[in-house]
Amino acid sequence: RRHVIPRGGAGPGLGLWLVRWGSAERRGTRSAMSLRELSPSSAVEAGEDAAAALAEPDGPEPCLSLLPWDRFSAWLHCVCVVGFDLELGQAVEVIYPPHSKLTDKEKTNICYLSFPDSNSGCLGDTQFCFRFRRSPGRKVSLCCFLDQLDRDLPVYLKKDPAYYYGYVYFRQVRDKSLKRGYFQKSLVLISKLPYVHLFRTVLKQIAPEYFEKSEAFLEAVCSDVDRWPPPIPGKILHLPIMGIIMKLRIPTYRDKPGTTPIVQNMHQADAQISMALPTIHEVDLFRCFCPVFFHIQMLWELVLLGEPLVVMAPSPSESSETVLALVSCISPLKYCSDFRPYFTIHDSEFKEYTTRTQAPPSVILGVTNPFFAKTLQHWPHIIRIGDIKLPEESPAEAPRLLTGFRIFWQLIVIFYFFFYKGVQQKRPTEAQSVILRRYFLELTESFIIPLERYVASLMPLQKCISPWKSPPQLRQFSQDDFMKTLEKAGPQLTSGLKGDWIGLYRHFLKSPNFDGWFRSRQKEMTQKLEALHLEALCNENLVFWSQKHTEVETVDLVLKLKNKLLQADREHLPVKTDTLKKLETHINDIILALPDDLQDILLKTGT
C-alpha cells in the first residue's frame, strides 16, 4: 500500500495508525515501503555545494545537473533587438536565446518602451531603462536554489516576480539609404534583476559593436553571459564579456547601510581585469536631483508616503534615471508601490493609471510625451525636468515641482548651504552623490528607528518559549501605543530635524511602504520564534520524555520533529546547522529506543 501523509503535520490518529501497523508487522504481516529521506541539513549542504560548483565554470560537477542557458537565465531572461518597420512600426526582430518565451502582450510592451517618443528627438546613442508587468500564469524558472540566493540580498535589491526590467541602448542616426531617412534600432536586455549600473555598463560595451556586426556577435555575447558565475551576494565576481572582464560585488543584507565595500581595481594578480564596478545598482543622485535640489526634502517625504508622482522629462534617459533616484532615496527601506522609469501612452496599464474615475494610484511614472501634461494634470504631484516643451509654457519655467503637499519636516539649512557650496567649488559629482545618499540615509534611519524599536517590543520574551507548546504569537501592532513612544523615544534622539512627526507617522502607517516593511519584519520575527523553539527542543532530554510516554505519543513526537526540520529547511529559518544536526540525533535516538518494526517504518518516513 502507498500512504500519503499530509504536509501540515501529524495528529494522534496517524501515530496510532503507525503503531497498529507496527503491531501487525510484529505478527508477521510486514509491508514494504519505498520512501527515502534526505535530512534538511544534508539538503542545505547539497544546495551550497551546487551553488559553489556553479560559481566555478570549470569546477566539479554540481549535484544538480545544469542545462544549457541556466547560467544565462540567472542573470537575464533574454536579449531583444527592436527595429522600426515602415508598415508595422516598432517590431521585435530578434529574441535570443531562441527558446526564450515572451507573450504577445510582453512583446508589445517591449516594442513601445524600447523607443523614445518621437518628440524626444534623440539623435545618436541613448541609454535608459523601463519596467513592465510580467504576464500572469508564467512558470517559475528552474534552478530554485539560485532563486534562494535572493534571501541574502538587501530588501531593495530583491527580485519582484511580477515585473521585468528592460535595459535599452537605442541608436538613431541619419541614413539616406533607408526610406525613412534614419537608422533606428534598440538592443534590449530583459531581466528580473534591478542591477541598473551593471547592465548599463554591459550595453555600453556590446551595443556599438553589435550595430556593426549583428547576429553572430549577439550569439557570442549570450554565450559569454552563459559562462558567468551565479549572482551570489557578498562574493567578488568576475564576469567576462567580449574580451573584457568586469569585477564586481553584489551587496548583502548584512552590509552596513550606506557603505559599499570597494572592489579594488587592477592588481598584478588581476592583470586581465578590464574594469571594476563600484556599484551594480546605484544611479547618479547628484545629476538627477540637481534640477530640483531645493525640493529634495519634500520629494523624500512624497516617496516615503507612497504618494502618486509623475516625472515629466525631455528624454527617457532623464525620466528613467530620475524615477530610479526617487525610488532609491528612501533606502534601506524598500519602495513597495509600482514605479515605471519610462511610461508611454501605448503601455498596457495606460488606462489603469490615467483614469479620472478614481484617485491616482500609488505609483511613480516617468514620461516624456507632452500629451501627459494634459492627461495627468489631475495628479497631485508633478515634477518637470529639463527643456520639456509644454503648451503655453516657456522652457525657462522648468524644472519645477507642482504640488499642494505640505511638508512635515523643516529643512536643514546647513546641509543645503554645504551642498550648494560644493557645487560652487566644483566638487566631483561622485562626491556630491555620496553626500546626498548619506543625507537621505540619515533621514530614513532617523524615521525608521522608533518603528524598529517599538516592533521589537512586540516579540515575546524568550522565557515564554516552551518546547512542549507551540511558539508564542507576536503581539498586535497598535498605532496608539506606538505614538505614545514617540515623546521619549522619537526621531529627535537621532536627528536635528523638527516638524510634525506625529502627522508624518500617521500618513506613513497607511502607506504601502509601511505595509511592506511591517510584513517583512513580522516574517523575520516569526521565523526567529520558530528558531528559538527548535533550540528549546534541542536542549530537552527527548529520549527520557519518550520513555515515559506511550508508543502513539512517541511516534507523534517523531513526526512533529521531522516536520520541524523540514520547515527549517523550507522557510530558511535562522537556525545553526549544529542545531539541526543535534535535533536529528535526538530523533534517531528516540527511534532506536522503539521496537524494531516501528524503527523500520520511522527511519524510512519523511513526514
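Residues numbered from 1 in each chain as written. Predicted model: local features only at pLDDT ≥ 70, side-chain atom pairs only at ≥ 80, totals over all residues. Heavy atoms only, no water.

### What about a nonpolar patch on the surface?
Piece 1. The grouping of Phe 294, Tyr 420 and Val 423 at the surface amounts to a nonpolar patch, some 310 Å² of accessible area in total.
Piece 2. For Phe 294, a relative accessible area of 56% translates into the label exposed. (Patch = residues over 30% accessible without salt bridge, like charges linked within 9 Å, V, L, I, M, F, W, Y side chains within 5 Å. Areas by Shrake-Rupley, 256 points an atom, 1.4 Å probe, with all protein chains shown as cover. Salt bridge = Lys/Arg side-chain N within 4 Å of Asp/Glu carboxyl O. Buried < 20%, exposed > 50% of the residue type's maximum accessible area, 1.4 Å probe, protein only.)

### Some thoughts on the sheet that holds strand β5 (residues 182-191)
Piece 1. Taken in spatial order, the 5 strands make up an open sheet running β2-β1-β5-β4-β3, and their pairing is antiparallel. Whereas interior strands pair on both sides, the edge strands pair on one side only; in this sheet they are β2 (89-96) and β3 (124-133). Averaged over all pairs of adjacent strands, the angle between their axes in this sheet comes to 25°, without regard to strand direction.
Piece 2. One ladder, built from 6 bridges, connects strand β1 (residues 78-85) with β5; its direction is antiparallel. Along β5, the bridge assignment pairs Val 81 with Leu 187.
Piece 3. Against the sheet, helix α6 (residues 196-213) engages β1, β3, β4 (163-174) and β5, with an angle of about 35° to β4.
Piece 4. The strands touched by helix α7 (residues 215-225) are β1, β2 and β5; relative to β2, the strand with the most contacts, the crossing angle is about 50°. (Pairing = 2+ DSSP bridges. Helix = DSSP H or I, 4+ residues; strand = E, 2+ residues; numbered from the N terminus. Axes fitted to C-alpha atoms, helices over the stretch in contact; angles between N-to-C directions. Contact = heavy atoms within 4.5 Å.)

### Quick word on the pattern of salt bridges
Piece 1. Taken as a whole, this structure holds 22 salt bridges when the rule is applied.
Piece 2. Between Arg 171 and Glu 212 there is a salt bridge, with its nearest N and O atoms 3.9 Å apart. Taken together, the residues span a long stretch of sequence, with Arg 171 in strand β4 and Glu 212 in helix α6 at a distance of 41 residues.
Piece 3. Judged by its relative accessible area of 64%, Glu 212 falls in the exposed class.
Piece 4. Between Glu 452 and Arg 521 there is a salt bridge, with its nearest N and O atoms 2.9 Å apart. A residue pair is termed long-range when its members are at least 10 positions apart, and Glu 452 in helix α14 (residues 429-456) and Arg 521 in helix α17 (residues 512-538) qualify at 69 residues.
Piece 5. Note on Glu 452: relative accessible area 29%, which makes it partly exposed.
Piece 6. We classify Arg 521 as buried; its relative accessible area is 15%.

### Thoughts on the packing of aromatic side chains
Piece 1. In total, this model carries 35 aromatic pairs according to the counting rule given.
Piece 2. Aromatic pair Tyr 167 and Phe 199: ring centres 5.0 Å apart, planes at 35°, arrangement tilted. With a gap of 32 residues between them, Tyr 167 in strand β4 and Phe 199 in helix α6 connect regions that are remote in the sequence. As far as burial versus exposure is concerned, Tyr 167 and Phe 199 are alike and both buried.
Piece 3. Ring geometry for Trp 300 against Phe 447: centres 6.3 Å apart, planes inclined by 85°, an arrangement best described as edge-to-face. Here Phe 447 lies in helix α14 and Trp 300 lies in helix α9 (residues 296-304), a separation of 147 residues in the sequence.
Piece 4. The class of Trp 300 is buried, set by a relative accessible area of 0%.
Piece 5. Of the residues examined, Phe 447 reaches a relative accessible area of 0% and is grouped as buried. (Phe/Tyr/Trp six-rings, centres within 6.5 Å; stacked < 30°, edge-to-face > 60°.)

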